[in-house]
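Commentary on secondary and tertiary structure
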Amino acid sequence: MKDNKQYIDEIFQKYETIKKNKKHKIENKFIKMVAMVIIVIGATAGIVYASNIIYQKVWKEPQEYNFFEEIQVSEDDKKRSLTEQQAINKAKTILQNIGKSFGDVKSAELKKVNNKLEWYIMMDNQINIDIDAKTGKLSHFSDWGVDDTKVSSTMSKQNVEKVVNDMYLKLGYKQEEYELATLEKSLISDDANIWRADFCKKYDGIFNIYQCIRISVIPEANQLMMLTIFDYDFENNPIVITKEEATQIAKDKNAQLRESGKIQNIETKLDIRKMNEYVYLRELAKGGNYGSYRTEEIVRKVWVVEITYENEIFVDKDIYFVDCTTGEIIGGDSVK
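A few points on the structure. Since the model is a prediction, treat every value here as computed from it, not as a measurement.

So, how was this worked out
Residues numbered from 1 in each chain as written. Predicted model: local features only at pLDDT ≥ 70, side-chain atom pairs only at ≥ 80, totals over all residues. Heavy atoms only, no water. Pairing = 2+ DSSP bridges. Helix = DSSP H or I, 4+ residues; strand = E, 2+ residues; numbered from the N terminus. Axes fitted to C-alpha atoms, helices over the stretch in contact; angles between N-to-C directions. Contact = heavy atoms within 4.5 Å. Parallel < 35°, antiparallel > 145°, perpendicular 65-115°, else oblique. Nonpolar A, V, L, I, M, F, W, Y, C, P; charged D, E, K, R; others polar. Buried < 20%, exposed > 50% of the residue type's maximum accessible area, 1.4 Å probe, protein only. Polar contact = N/O pair within 3.5 Å; in protein donor to acceptor, adjacent residues only side chain to side chain. Core = buried A, V, L, I, M, F, W, Y, C linked by side-chain atoms within 4.5 Å. Phe/Tyr/Trp six-rings, centres within 6.5 Å; stacked < 30°, edge-to-face > 60°.

Focus on the sheet that holds strand β10 (residues 206–218)
Sheet architecture is open: 8 strands sit in the order β4-β5-β6-β7-β11-β10-β9-β8, paired in antiparallel fashion. Every other strand in the sheet has two partners, leaving β4 (105–113) and β8 (179–185) as the edge strands with one partner each. On average, adjacent strands in this sheet sit at an angle of 15° to one another, irrespective of strand direction. In this sheet, β10 lies alongside strand β9 (residues 195–203) in antiparallel orientation, the contact comprising 9 bridges. What sits directly across from Tyr203, in β10, is Ile206. Where helix α5 (residues 84–97) meets the sheet, its contacts fall on β4, β5 (116–123), β6 (127–132) and β7 (138–143), and the angle it forms with β6 comes to roughly 115°.

As for the sheet that holds strand β12 (residues 263–274)
A sheet is described by the order of its strands in space; here 4 strands give the open sequence β12-β14-β15-β16, paired in antiparallel fashion. Looking along the sheet, the strands with just one partner apiece sit at the ends: β12 and β16 (329–335). Each strand of the sheet is rotated relative to its neighbour by a mean of 20°, with strand direction disregarded. Pairing of strand β14 (residues 299–309) with strand β15 (residues 317–323), which is carried by 7 bridges, proceeds in the antiparallel orientation. By the bridge assignment for β15, Val305 is matched with Tyr320. Seen against the sheet, helix α8 (residues 278–286) touches β15 and β16 and runs at an angle of roughly 80° to β16.

Concerning the environment of Lys106
Tracing the chain through its elements places Lys106 in strand β4. If near-sequence neighbours (up to four positions away) are discounted, Lys106 is found in contact with Met122, Met123 and Asp124.

A word on the packing of helix α7 (residues 243–257) against α8
Relative to each other, α7 and α8 sit at 30°, their axes nearing to 10 Å. On the basis of the axis angle, α7 is roughly parallel to α8. Counting all contacts with α7, which are made through Lys253, Gln256 and Leu257, the residues of α8 involved are Val279, Arg282, Glu283 and Lys286. Of the residues contributing to the contact of α7 with α8, the split by class is 2 nonpolar, 1 polar and 4 charged.

Description of the side chain of Glu70
Counting through the fold element by element, Glu70 comes out in helix α3 (residues 67–70). Setting aside its immediate chain neighbours within four residues, Glu70 contacts Tyr65, Lys112, Asn114, Asn115 and Arg294.

Observations concerning the environment of Lys336
Of note, Lys336 is situated in the segment after β16. Residue Lys336 is classed as exposed on the basis of its relative accessible area, which comes to 54%. C-alpha separation for the pair Lys336 and Val315, spaced 21 residues apart in sequence, amounts to 5.6 Å. At a separation of 2.7 Å, a polar atom in the side chain of Lys336 contacts the side chain of Asp316.

A look at the pairing of β7
Burial of β7 is extensive: 5 of the 6 residues sit out of reach of the surface. The pairing of β6 with β7 spans 5 bridges and is antiparallel. Its bridge partner lying in β7, Ile129 is registered against Phe141. Strand direction decides the pairing type here: β7 and strand β11 (residues 223–231), joined by 3 bridges, are antiparallel.

Section: the nonpolar core
Ranked by size, the top nonpolar core spans 34 residues in total, and within it Ile129 and Ile215 carry the most contacts. For this core, the element with the highest residue contribution is α5, accounting for 5 residues. Sequence-distant contacts of Ile129, that is, excluding residues within four places in its chain, are made with Ala91, Ile94, Leu95, Trp119, Tyr120, Ile121, Met123, Leu138, His140 and Phe141. Ranked by size, the runner-up nonpolar core spans 13 residues in total, among them Ile307, Tyr309, Val322 and Cys324.

Here we look at the packing of aromatic side chains
The full count for this structure, using the stated rule, is 8 aromatic pairs. A centroid spacing of 5.6 Å and a plane angle of 20° characterise the contact between Tyr168 and Tyr173, whose relative ring orientation is stacked. Between Tyr168 and Phe199, the ring centres sit 4.4 Å apart and the planes meet at 15°, which makes this aromatic pair stacked. Remark: Phe199 occurs in strand β9 and Tyr168 occurs in helix α6 (residues 157–170); sequence separation between them is 31 residues. Given a relative accessible area of 3%, Tyr168 falls into the buried group. A relative accessible area of 2% means that Phe199 is categorised as buried.

Geometric values such as these leave the question of function open.
What follows is the structure, encoded as structure tokens:
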């Protein structure tokens, strides 16, 4: 059976054939038929029509959830996860691959956070490792066996960059797969000596922070302190909505949600962001409804529209994520 997109593709193929072989009157009649089909299918399936291309809407309405109920690991969750011994074996292999020793296991606990199952394994040598309970892939690693505050900070940022680049390659990642996006020193304390580097995938000149290798090091000791993997699915969706259209969409939504404040500036830039429920919750709150809601973790290319207000006391911004393909507002944020 054909899906909606296949039907629409077939319609446009027939339209192109008619356009080449028939008269203008028939062509106009067919255009009307195409428009009617698109309206009917769009109303029932949730699509966006731009030029001769049909785009499926991406926004997923957030679902209400109970935090305390959600973090409970059920018997079904356990059946769908690696066993404790399987998780420990996976952790041993991962640590061996990154050149770290595996100590005696102090604890291994299966936890559910944000509806995701992970094994949290702690060892007696101050190494902790978190792995995906379904795939066995590394999520996070930390090694607190070396006190960074006891190592003098002597390297320039340029030399630290050489250290993290070498560390990235030693971990087995390909030079062309990820690029160094950010490099900054930790501000945990005045005497901290940990540098954090984010190596991210890049699409159309934009770093995707949701497909990223985060490395934290003590550069003078060439010591890997932490390694975190961000690996969300991402479809490099096309830019259909213009910057001006996205700005107007955000302004219209903001006018519905914000009743006070004088706009000082509006800045719109292309970026990659994860869908969130922020704007949806603001809409609920305006109607007097409150609760815990969460949408799906979908990563898209968006127009980030930052609306800054006049405020002499603090920074005041409302931020909207406008999907650059469908024009939907799929999330946002605020700075107060």
